[in-house]
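# Analysis of the macromolecular model
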Amino acid sequence: MQFRTPEKLNILRERAASALTGPQMLAFIPAAMLAAYWLGGEVALTTIAIAMPILWFAFGGVEDLLRRRDAHTLQPGLVSQDEFNNKIDTMREDAPGADKYSAIFAIEIDEHTSLGERFEPAAQDRILKAVADRLVATMRDTDVVCRTGDFRFSLCLGAVQHLDLESCIQMCSRYQNAIEEPIAIDGATVYVSVAIGFCLLNRAPGSTGRDWANGSLAALAEAQRRGPSSVRAYSTELHSRLKNRANLRDEVAGALEQGQIQPWFQPQISTDTGKVAGFEALARWIHPDKGAISPAEFLPAIEDAGLLERLAEIMIYHSFTALKAWDSAGLVVPHVGVNFSGSELNNPKLVDKIRWELDRFELTPSRLAVEILETVVTDTTHDTITRNINALTKLGCRIDLDDFGTGHASISSIRRFGVGRIKIDRSFVMKADRDPEQQRMISAVLTMAERLGIETLAEGVETVGEHALLSQLGCDYVQGFGIARPMPFEKTLDWVRAHESKLMDAPSLPVRRTN
């Protein structure tokens, strides 16, 4: 095989660096200095003294020393980043011509932030060493693995005659099973899981080893979006989604400032009276060219762009504006609910901002319902989040626990954060009028809430049967497409008036409170 010109230069450079940093230089440098002084005097001696360090730097002496240091400190079985890059570059060039196949796997420990908070650096290193040892134990001799991040590893398969998607998924399962075995640290048992993204060589984007590795990282990012222990493969469809997400990320800042992203409002109805008990503000993006863009698409783009706090400011401003407009129109809308993410709740200035906005619009704090995901309550270890939620409760804002049933919120957490209402996730509500198991689950949640003195709201109510059942079981409020879809503010005025007019002729539903 003939080397390309850059490869020849790299080989020459590496050999020169090795020669200039090897032990033979201990004898060569004094001899060269003495010869220069004899032959040319002080001028020649000075020239040699200046030239040697320049040559050393020019031929990569620093890089060579760093490689030697890394090779000395590397964990057995792992290769350096440079060696890994050389491996995938060579594989990218040679394997297709030999009709062979390979893949790169990007493997990262799930929820590593909490791992860093729970353990000291020494214990973290022992956990990472155990993970690396288990990866190495599952590899073949021709595979290579490298640590490419604080909690991330990349593994490149040696070239094989046959490799397909199913084979790679089976390998991912083998890696995960090995890594997820319990790890003993200082008498405690630690369990870790990993997300894996992989990219087959024949599906790699671009033409370089770096492009190939980036494909595995893109698949890893998609896997991490799906949750712990997820596995995703790089594909052209994934590439298109990532490209679209990147485009949205570039556009989202302008969309926020130009008013393209605004709240739409979905009504919440009392099951006792049928009256409007409030609205939930839900972000909607109406793009001038693409039309309505799904929140599942643009909310991650806003998060990636670091603009969640700006989104919260816009949602609060328009929600408070809507409350004042409803008041001016003589409509009774007790409150509006606004969703707050964990990053927004972690803002030390959040409470002051909300207090200022309430004063600005001359609204009482009870008109704002702060909606917090159950996962935020269960997963939070940040003192700032805890302080903010408690401060908002003390201020007089309502605290709604959103998507209840999807996390693991304890009764003590509900009490600690001053939760006033739990919103039962739609997964429990779906087909509840026909599924006895769903009915038992809802009854259990309602009984717990009643004992705790907490109000309840069922999300995702889509049928009259579900609405009637929830009312009979004693759920306080309902919300969903069966009541009304989210609508722009301009349509809420007519909707509320029409709804109130219908209540005059509507029969009362029997209510049975559970004990």
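Residues numbered from 1 in each chain as written. Predicted model: local features only at pLDDT ≥ 70, side-chain atom pairs only at ≥ 80, totals over all residues. Heavy atoms only, no water.

## Some points on the overall build of the chain
- On a plain count of helices and strands, the chain comes out with 20 helices and 16 strands.
- Burial status across the chain gives 44% buried among its 515 residues.
- Considering only intrachain contacts with a sequence separation of at least 6, the fraction spanning at least 24 residues in the chain is 69%.
- A total of about 26,700 Å² of accessible surface is found on the chain, and carbon and sulfur atoms cover 54% of it. (Helix = DSSP H or I, 4+ residues; strand = E, 2+ residues; numbered from the N terminus. Buried < 20%, exposed > 50% of the residue type's maximum accessible area, 1.4 Å probe, protein only. Contact = heavy atoms within 4.5 Å. Areas by Shrake-Rupley, 256 points an atom, 1.4 Å probe, with all protein chains shown as cover.)

## Side note on the pairing of strand S8 (residues 261-270)
- Where burial is concerned, most of S8 is hidden: eight out of the 10 residues are buried.
- The pairing of S8 with strand S9 (residues 276-287) spans nine bridges and is antiparallel. Following the sheet pairing, Gln 268 is matched in S9 by Gly 278.
- Both S8 and strand S16 (residues 477-478) contribute to a ladder of two bridges, which runs antiparallel. By the bridge assignment, Ile 269 is partnered in S16 with Val 478. (Pairing = 2+ DSSP bridges.)

## Brief notes about the packing of aromatic side chains
- Using the criterion set out here, one finds nine aromatic pairs in the structure.
- Within the aromatic cluster, the residues linked to one another by ring pairs are Phe 265, Phe 279, Trp 326 and Phe 489.
- Between Arg 421 and the ring centre of Tyr 477, over which it is positioned, the NZ or CZ distance is 5.2 Å. (Phe/Tyr/Trp six-rings, centres within 6.5 Å; stacked < 30°, edge-to-face > 60°. Lys NZ or Arg CZ within 6 Å of the ring centre and 35° of its normal.)

## Describing the packing of helix H4 (residues 81-94) against helix H8 (residues 209-226)
- It is the contact of H4 with H8, at a shortest axis distance of 8 Å, that shows an interaxial angle of 105°. Put simply, H4 runs roughly perpendicular to H8. Of H8, the residues touching H4 (which contributes Ile 88, Asp 89, Met 91 and Arg 92) are Gly 209, Arg 210, Trp 212 and Ala 213.
- Residue composition of the contact of H4 with H8, by class: four nonpolar, one polar and three charged. (Axes fitted to C-alpha atoms, helices over the stretch in contact; angles between N-to-C directions. Parallel < 35°, antiparallel > 145°, perpendicular 65-115°, else oblique. Nonpolar A, V, L, I, M, F, W, Y, C, P; charged D, E, K, R; others polar.)

## Concerning unusual backbone geometry
- In this structure, Ser 229 takes a positive phi of about 65° despite not being glycine.
- Examined against the element boundaries, Ser 229 turns out to sit in the loop between H8 and strand S7 (231-233).
- You can call Ser 229 partly exposed: its relative accessible area is 31%.
- One non-glycine residue, Glu 362, lies in the positive phi region at around 55°.
- Looking at the element boundaries, Glu 362 is found in the loop between helix H13 (350-361) and strand S12 (368-373).
- A residue is classified by how much of its surface remains accessible, and Glu 362, at 67% relative accessible area, is exposed.

## Considering the environment of Arg 92
- Position of Arg 92 among the secondary structure elements: in helix H4.
- Placed 116 residues apart in sequence, Arg 92 and Thr 208 show a C-alpha to C-alpha distance of 6.6 Å.
- Once residues lying within four places of it in the same chain are set aside, the contact partners of Arg 92 are Leu 201, Ala 204, Gly 206, Ser 207, Thr 208, Gly 209 and Trp 212.
- From its side chain, Arg 92 meets the backbone oxygen of Gly 206 in a polar contact 2.8 Å long. (Polar contact = N/O pair within 3.5 Å; in protein donor to acceptor, adjacent residues only side chain to side chain.)

## A closer look at the side chain of Ser 270
- Structurally, Ser 270 is set in strand S8.
- For Ser 270, the side chain forms a polar contact with the main-chain nitrogen of Thr 273, separated by 3.4 Å.
- Residues contacting Ser 270, with those up to four places away along its chain left out, are Lys 275, Ala 277, Asp 476 and Tyr 477.

## Quick look at the pattern of salt bridges
- All told, the structure shown has 20 salt bridges when counted by the stated rule.
- Between Glu 313 and Lys 353 there is a salt bridge whose closest N-O contact spans 2.9 Å. Within this pair, whereas Glu 313 is found in helix H11 (residues 308-328), its partner Lys 353 is found in helix H13, the two being separated by 40 residues in sequence.
- The residue Arg 367 makes a salt bridge to Asp 327 at a minimum N-O spacing of 3.1 Å. One end of the pair, Arg 367, is in the loop between H13 and S12; the other, Asp 327, is in helix H11, with 40 residues separating them in the sequence.
- A single salt-bridge network, built from bridges that share partners, covers Glu 257, Arg 310, Glu 313 and Lys 353. (Salt bridge = Lys/Arg side-chain N within 4 Å of Asp/Glu carboxyl O.)

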